[in-house]
Structures are given as structure tokens and as C-alpha cells.
Amino acid sequence: MTQLQSMMLNSTTMLPVDEGHEQYCVQVNSTNASSVAVPSSAAFELQIQVCIAVSAILCFTGALTNGGLLIVVLKFESLRKGAGIFIAHLLLCQLILLATVLPVGIHTVSLAAKSRANGGTQVHCEVCVFQQSAGMALFYLINFTEALLALNRLIGVYYPTKYHIINRRIFHVVGLAFCWTLSLGFTVPPIFQLGALYQMSPLGNCVVTVVSQKSRAPLVLLLALYVYVPLIFTTIAAVLISMRLISSHRAVAPTRKANSTPGNDDGSRSAPPHNSTRQPNMSERQRRMSKMLITSFAVNFLCQLPQFILAASGLIMRYPVALLWTTALLSFQFLVTPITFLVRNEDYRNKARELLYRSIRRPHRGHPEQRSQSRTSARQRQSRSIKTQESPW
């Protein structure tokens, strides 16, 4: 699926549309053999098998991490409040990719390797119509969702007094609907061979090729907008948020000791009596959320940077196996994202720990009196934690 950056950029001929499913297979001929031909050697096939194994492990582990954190977010309303819906949407898209689309891609590459070993030809190229369209749509949705998260946090950091205006469910739903419209608007037309076509290369991976030179320029432009603009915006937002957090920390740190009082023993800046305990906690939560997103954006940028370099330099076509390794790198990115959320944000860790505690305690309910006492203590714990059930946003 990471061939998105190189698709349409190296297709030099209009592919024939034959009867049956041959039109979905990239045709190797004298004019484009240098760009799509796959080397035949034992070392190359070994690299393919290693890449397949690594990608499969990353997909399985990533599906577990994304699915686990998604359950935690859906179980607790405090994590779904505000822009938390973007986190849930991001985890869901990554889970679908890791559990369905990427494994299908790994399987097609494996089948192509077996076909080359047996001297046969590619089969079932038409699977790319579904695999590539779904993979591209989800990939775009992930990038757009991260851009929405970056915009939400950017406004929250620089305009905290106006943040409540945009931090509403209606704006969140409209933002996600806009992302879906953009994603489907680009990925659906090639299904019907409008301007582009989903095909399978001799390597077994799915690509998008233009059906005419007239559609090449606008499609390449749209591709650049869909892929690079969200990433650039997210990167710039992460830098601006980091600068704001650093300046805020430098401004608050010298006054903590001077402004600390017996009733405000955490060393934070003093506040009016009626809000002396709540406001520092909210600032700390939002600070953790900002750090979590910055770390996530940095990991995503580092994981996607190699494929941009390979596509821009043309190396991705001269070394086809590099294309598969970028797929493994993308799987690693999706695997690390939920781990970053847990490591960098205490709210997610506490809720995950609480959910794990519940699942362990549930099978061991014991005597009815013990269950009654357990329910009473649970109510007491819940009443004590009501004040902390605020959204981290």
C-alpha cells in the first residue's frame, strides 16, 4: 500500500483493456520492462520471504495493539469526549488496514513469489481493485484524521479561550465526513477505470496506473495534495505546538516555587480559590495530550519519510524489494501509534489498567456478600474519581 507515492509516476504506456481479468495485470513489454521487471535470483526471493514474514508479524501485533486501545477508548466516555472521537476513528482505520488490507497484500506478494518459482504467470490480479481502493482510502483517512488532530490541538494550545467553540461534536462529525468525502472521491473513480486503473505488478503488489496521458498530470497533482499536504501540515503543527509548550514551560517554571501555597502543593501557578485545584489539572491533561500527539506525529513522519525519498529518487522502481519494505515500515508505524498513546498519556494508561483489572476480577466474583461489598467499594471508587473523569482534551 505504500506504493501510493510511486504510482502513476513511472507508468509510461497506456495499458490495454482486454476481456477477462488480464487488464488488471501490469503488462511487461519493451517500453516499460525496465520499470516493472522483477529480478530473478535466489537472494532476491529470500528478501521477499523475509519481508513477508516481518510484515505479517507487524500486522498481527499492530492489530492487537490498535484493537486493544480502541476497546479502551470505546469503553470510557471520558476518552471519547471532545476530539477523542478522532483518536477512535484513527485507531479503527489502522485496525482495518492491519487486520484485512495489508494481510491480503502480503498474501498476493507471496502468491506472486510462488508463481515465479513455478514458472507460471500472475493470477487473480482483479483483487487489486478491492485491495488498493480500500488501502488507499484508509491511508488517506489516517493522514486526514491526524491533520484534524493537529488542527484541534493547535487551536487548543494557541487559542485556549476559543477552543470550546470548535471542540464540539458537530464540528468533529463534519470534519470526519469531509475526510471520507475526499478519500472516496479519489479512490472510487479508478474502480470504474475513470482516469486511472488498479493493477497488480509482477512483484504481486497493487499499483495505480493512468489510462491516458491526458489524465496523468491532474492525477499526479491530486496524489501529491492527498499525501503530502496532510503530512506537511501535521509536521508544521507539531513544531508550533512544541514551541508553545517549551515557551509555556519556561514561563511557568520560575514562578512555581514563588506562587506555591499549602493548598497548592503541586508547585503549579496559583489560581483563584474557586478554581485552584481544577485548572492546573486540566492544564496538565492537555499538556500530556499535546506531548502524546507530537510524539505520534514524529514517529509517523519518520516512518513515511523513506518512501517519499525512494519515490522521488526513482530508487523504488530500480529496487522493487524496497517497495515491500516500505509496506513493513508502514505496518510498524500503525503498530507504534497506540503504544505511543499509552506511553505518553497517563489518562490512557489508567483507563487501560482499570479495564484490565475489571476483566481479571470478573471471573472471580465469589460469595454474594463479597460481590455486594465489591459493588459498594466500586461505587465508592467511582464517586471519588468523578472529578477526574474529565476529557483529556
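For the structure, check the block above.
Residues numbered from 1 in each chain as written. Predicted model: local features only at pLDDT ≥ 70, side-chain atom pairs only at ≥ 80, totals over all residues. Heavy atoms only, no water.

Caption draft 1: Representation of the overall build of the protein chain in the model. Within the protein chain, the regular secondary structure consists of 13 helices and 2 strands. The burial tally for the protein chain puts 45% of its 393 residues in the buried class. Relative to all contacts within the protein chain whose residues are 6 or more apart in sequence, the contacts with residues 24 or more apart total 81%. For the protein chain, the accessible area works out to roughly 20200 Å², and carbon and sulfur atoms hold 65% of it. (Helix = DSSP H or I, 4+ residues; strand = E, 2+ residues; numbered from the N terminus. Buried < 20%, exposed > 50% of the residue type's maximum accessible area, 1.4 Å probe, protein only. Contact = heavy atoms within 4.5 Å. Areas by Shrake-Rupley, 256 points an atom, 1.4 Å probe, with all protein chains shown as cover.)

Caption draft 2: A look at the environment of A83. Structurally, A83 is set in the loop between α3 (77–80) and α4 (84–117). Residue classification places A83 among the buried residues on the basis of a relative accessible area of 0%.

Caption draft 3: A look at the pairing of strand β1 (residues 196–200). The buried count for β1 comes to 5 of 5 residues, which makes it a mostly enclosed element. Along β1, one buried face is formed by A196, Y198 and M200 and the opposite face, lined by L197 and Q199, is buried too. The pairing of β1 with strand β2 (residues 206–210) spans 5 bridges and is classified as antiparallel. Across the sheet, the residue bridging to L197 is T209, located in β2. Here β1 hands over to β2 after 5 residues, with G204 in that stretch at a positive phi of 100°. (Pairing = 2+ DSSP bridges.)

Caption draft 4: Main features of the packing of aromatic side chains. Under the definition given, this model contains 6 aromatic pairs. Look at F186 and Y226: their rings are 5.0 Å apart centre to centre, the planes differ by 35°, and that puts the pair in the tilted class. Of this pair, F186 sits in helix α7 (residues 169–187) while Y226 sits in helix α8 (residues 216–259); the two residues are 40 residues apart in sequence, bridging distant segments of the chain. In terms of burial, F186 and Y226 fall into one category: buried. An aromatic cluster of at least three residues, connected via ring pairs, comprises F139, Y140, F144, F186 and Y226. (Phe/Tyr/Trp six-rings, centres within 6.5 Å; stacked < 30°, edge-to-face > 60°.)

Caption draft 5: Fine view of the nonpolar core. Among the nonpolar cores identified, the biggest contains 77 residues, and I48, V73, I87, Y140, L293, F341 and Y348 are the most heavily contacted of them. Once residues within four sequence positions are removed from consideration, I48 is found in contact with V109, A113, R116, L203, V321 and L324. (Core = buried A, V, L, I, M, F, W, Y, C linked by side-chain atoms within 4.5 Å.)

Caption draft 6: The arrangement of the pattern of salt bridges in detail. Counted under the stated rule, the structure contains 4 salt bridges. A salt bridge links R288 to E346; its shortest N-O distance comes to 3.9 Å. Of this pair, R288 sits in helix α9 (residues 278–313) while E346 is found in helix α12 (residues 346–361), placing the two residues 58 residues apart along the sequence. By sharing partners, the salt bridges in this structure join R288, E346 and D347 into a single network. (Salt bridge = Lys/Arg side-chain N within 4 Å of Asp/Glu carboxyl O.)

Caption draft 7: Up close: the state of the cysteines. Considering all chains together, one arrives at 2 disulfides under this definition. Between the sulfur atoms of C128 and its disulfide partner C206 the distance amounts to 2.0 Å. Disulfide C128-C206: torsion about the S-S bond near -80°, hence left-handed. One end of the pair, C128, is in helix α5 (residues 127–158); the other, C206, is in strand β2, and 78 residues separate them in sequence. Classification of C128 as buried rests on a relative accessible area of 0%. Going through the protein chain in sequence order and numbering each bonded cysteine, the pairs you get are 1-2, 3-4. (Disulfide = S-S within 2.5 Å.)

Caption draft 8: The arrangement of the layout of surface pockets in detail. When its volume is computed, the second largest pocket comes out at roughly 210 Å³. Lining the second largest pocket we find F144, A147, L148, F178, C179, L182, L225, Y226, V229, P230 and F233. Elements with a contribution of two residues or more to the lining of the second largest pocket: α5, α7 and α8. Ranked by residues supplied to the lining of the second largest pocket, first place goes to α8 with 5 residues. Tallied by class, the residues present in the lining of the second largest pocket amount to 11 nonpolar, no polar and no charged. (1 Å grid on protein atoms, 1.4 Å probe; cavity = no way out; pocket = protein on both sides within 12 Å on 5 of 7 lines; lining within 4 Å. Points joined across faces, edges and corners; volume = space filled by probe spheres on them. Nonpolar A, V, L, I, M, F, W, Y, C, P; charged D, E, K, R; others polar.)

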